[in-house]
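A closer look at the structure
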Amino acid sequence: MAQRKPNPTPSNRRRLGVVVADPVEVIASALAQLVDTHPDLADAGHASDPHEALAVIDRARRSRLVTLIGLGFEGPQDAYWLIREVRERHPTHGVLAIGDRAEPAAIGRALFVGADGYLDERSDAAAFLDGVKRAAEGEMVLVGPDIDVFGAIADGMEQPAIVDERLTEREREVLAFAAEGLTAREIAGRLGVRERTVTTHLSKIYGKFGVGNRVAAVREAVRSGLVPAGWSE
Amino acid sequence: MAAAHRARRVLLLGGHPVIASVTRLACTAMPDVRVDDGDPSNGVEAMIGSEEPVLVIVDLDRRAGDGLTLLHGVREAGYTGPVLAMSERSDGKRVLDALRAQIQGYVVTPAGLAGLSLDVATLLSGGRAFDGLLDDVAVEELGRRVRVARDRARFTGRLTPREREVLSYLSEGLTLRQIGRRVGLSHRTVETHVGKLYRKLDVRTRVQAVARAANLGLLRVD
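What comes next is a walk through the structure. Please read all numbers here as calculations on a predicted model, not as lab measurements.

Conventions adopted
- Residues numbered from 1 in each chain as written.
- Chains lettered and ligands numbered in written order.
- Predicted model: local features only at pLDDT ≥ 70, side-chain atom pairs only at ≥ 80, totals over all residues.
- Heavy atoms only, no water.
- Helix = DSSP H or I, 4+ residues; strand = E, 2+ residues; numbered from the N terminus.
- Buried < 20%, exposed > 50% of the residue type's maximum accessible area, 1.4 Å probe, protein only.
- Contact = heavy atoms within 4.5 Å.
- Areas by Shrake-Rupley, 256 points an atom, 1.4 Å probe, with all protein chains shown as cover.
- Salt bridge = Lys/Arg side-chain N within 4 Å of Asp/Glu carboxyl O.
- Buried area = accessible area lost by both parts, 1.4 Å probe.
- Nonpolar A, V, L, I, M, F, W, Y, C, P; charged D, E, K, R; others polar.
- Right-handed = clockwise from strand over helix to strand, strands pointing away.
- Pairing = 2+ DSSP bridges.

What follows is about the overall build of chain B. The number of helices and strands found in chain B is 10 helices and 6 strands. Scored against the burial criterion, the 222 residues of chain B give a buried share of 44%. The long-range share in chain B, meaning contacts at least 24 apart out of those at least 6 apart in sequence, stands at 65%. Counting only carbon and sulfur atoms, one obtains 51% of the accessible surface of chain B, whose full area is about 11600 Å².

Turning our eyes to something else, we now look at the pattern of salt bridges. A full pass over the atoms with the stated rule returns 25 salt bridges over all chains. Here A:Lys133 makes a salt bridge to A:Asp40, at a shortest N to O gap of 2.8 Å. Taken together, the residues span a long stretch of sequence, with A:Lys133 in helix α5 (residues 125-136) and A:Asp40 in the loop between α1 (25-36) and β2 (41-47) at a distance of 93 residues. Judged by relative accessible area, which is 29%, A:Lys133 ranks as partly exposed. Across the pair B:Glu165 and B:Arg162 runs a salt bridge, and its minimum N-O distance is 3.0 Å. Of the two residues, B:Glu165 and B:Arg162 both sit in helix α7 (residues 161-171), 3 residues apart, roughly one turn of that helix. B:Arg162 sits in the partly exposed class, given a relative accessible area of 30%.

This next bit is on the interface of chain B and chain A. By convention, interface size is frequently given as the accessible area that disappears when the constituent parts associate. Each partner contributes residues to the interface: chain B has 22 residues there, and chain A has 18 residues. Here chain B packs against chain A, burying approximately 1900 Å² in sum over the two surfaces, 66% of which is carbon and sulfur. Sorting the residues of chain B by area buried against chain A places B:Arg100, B:Leu142 and B:Arg150 first, and these three jointly supply 30% of that buried surface. The tally of links from chain B across to chain A stands at 2 salt bridges. Residues A:Asp155 and B:Arg100 are paired through a salt bridge, measuring 2.5 Å at the closest nitrogen-oxygen approach. For the side of chain B that touches chain A, the secondary structure elements donating two or more residues are α4 (92-99) and α6 (134-158) of chain B. Counting residues per element, the side of chain B that touches chain A draws most heavily on α6(B), at 15 residues. The residue makeup of the side of chain B that touches chain A, split by class, is 11 nonpolar, 3 polar and 8 charged.

All names here are of chain B. Note that Ile179 resides in helix α8 (residues 176-183). On a C-alpha basis, the gap between Ile179 and Val166 in space is 7.1 Å, while along the polypeptide they are 13 residues apart. The contacts of Ile179, once residues within four sequence positions are left out, are Val166, Tyr169, Leu170, Leu174 and Val190.

Here we take up the pairing of strand β5 (residues 105-108) of chain B. All names here are of chain B. Neither face of β5 is exposed, since Gly105 and Val107 on one face and Tyr106 and Val108 on the opposite face are all buried. Crossover strand β4 (residues 83-87) to β5 through α4 is right-handed. Bridge analysis of β5 against strand β6 (residues 129-130) gives 2 bridges, and the strand direction is parallel. Opposite Tyr106, over in β6, you have Phe130 as the bridge partner. Each parallel crossover has a hand, and the one from β5 via helix α5 (residues 116-124) to β6 is left-handed.

All names here are of chain B. Counting buried residues in strand β1 (residues 8-13) gives 5 out of 6 residues, a clear majority hidden from the surface. Taken together, the 5 bridges between β1 and strand β2 (residues 33-37) define a ladder with parallel strand orientation. Considered in β2, the bridge of Leu11 is made with Asp36. In this sheet, strand β3 (residues 55-59) lies alongside β1 in parallel orientation, the contact comprising 4 bridges. The partner of Leu13 across the bridge, within β3, is Val58.

Shown next as structure tokens:
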């Protein structure tokens, strides 16, 4: 269905570039094709890996670009990490979270870390594409969620505010590994740094949270939505 | 065997008497519905009572007591059934504050009263009843709040624990010397903390600092 017209008008360069990042390759690819069917939007690439997504954005070399980020990304470089990363590297770009009936708390957190809105993959294609366009204008966009979950989205948005921004990117990484139960030595191995560096990060995290040990730090992180709630002590 | 026939109980926490009357009429137009007027003086739990209502209607513009607090009280009392909020206000703040109590409907009075019996029927059958215009104001308010939440996080991150402590004493109106005695530092050191605090908050006076901090949610000002 994504028959590319040889000379679309307005010209490809004038259209708003869109990058799609989703852990599920077929979704990233299908959404990129869908985007390209819209006369004002242009497929600027897609990726199913967060680092690859950042590279695709850099390669696009556009001043006006919207990146769609799937909330399904997990691990230390999860969807929230990617949203924050894109937001910091490209403050003028639009960033939208996408998902399949995502939890309101997850949507709220995505907004908090920098997304301009959320588009549900199950919504009508025209409404979805219109949402992409509106986000590029800097408008807050929610396509899919019904008004009765807005309250839960607001809750999710305000909870991480307590601690989230106090941590540096590296500290968040260390914390995510600590939450998986890795030892300082193991975390050091993953990050390619010395064990001593990891313990320094950990003690800074404790200081920022006002806690005395790793369990308390991870509990605090779970409570504030910094690491996935599946973690248990 | 037919069970004893009992009309379904709708709990009405009304506001203006006229609006309450209209609401009562709209409810009793349904078959098998009876309306209980709630009396909040005995507490929300007593109003919910042993016979769980099939619907709770809260007029947010109550004269006695804060309607919003009452609305949230209904949820805190453990009631999980449908809730219909009513208000003459349709601004983002009011709407989103109500939405945080997981309501299933919001009627803007008095215009929305015309469709009230339909809304009540919708909620009784498990549906939702929100004025379509509320969507945009609620999204806009969400946008505003996310900016506040981000700002607050940014400033909270920038303030050291000592600066936050000093800030709370500043808001109580203590002098530099008094603060110094409380935290065991010289007033000169306190002055340095205050200077840094002002720079971080981008303000010049104590009043501005406290106002800015309250705005960002760093200080609770009652």
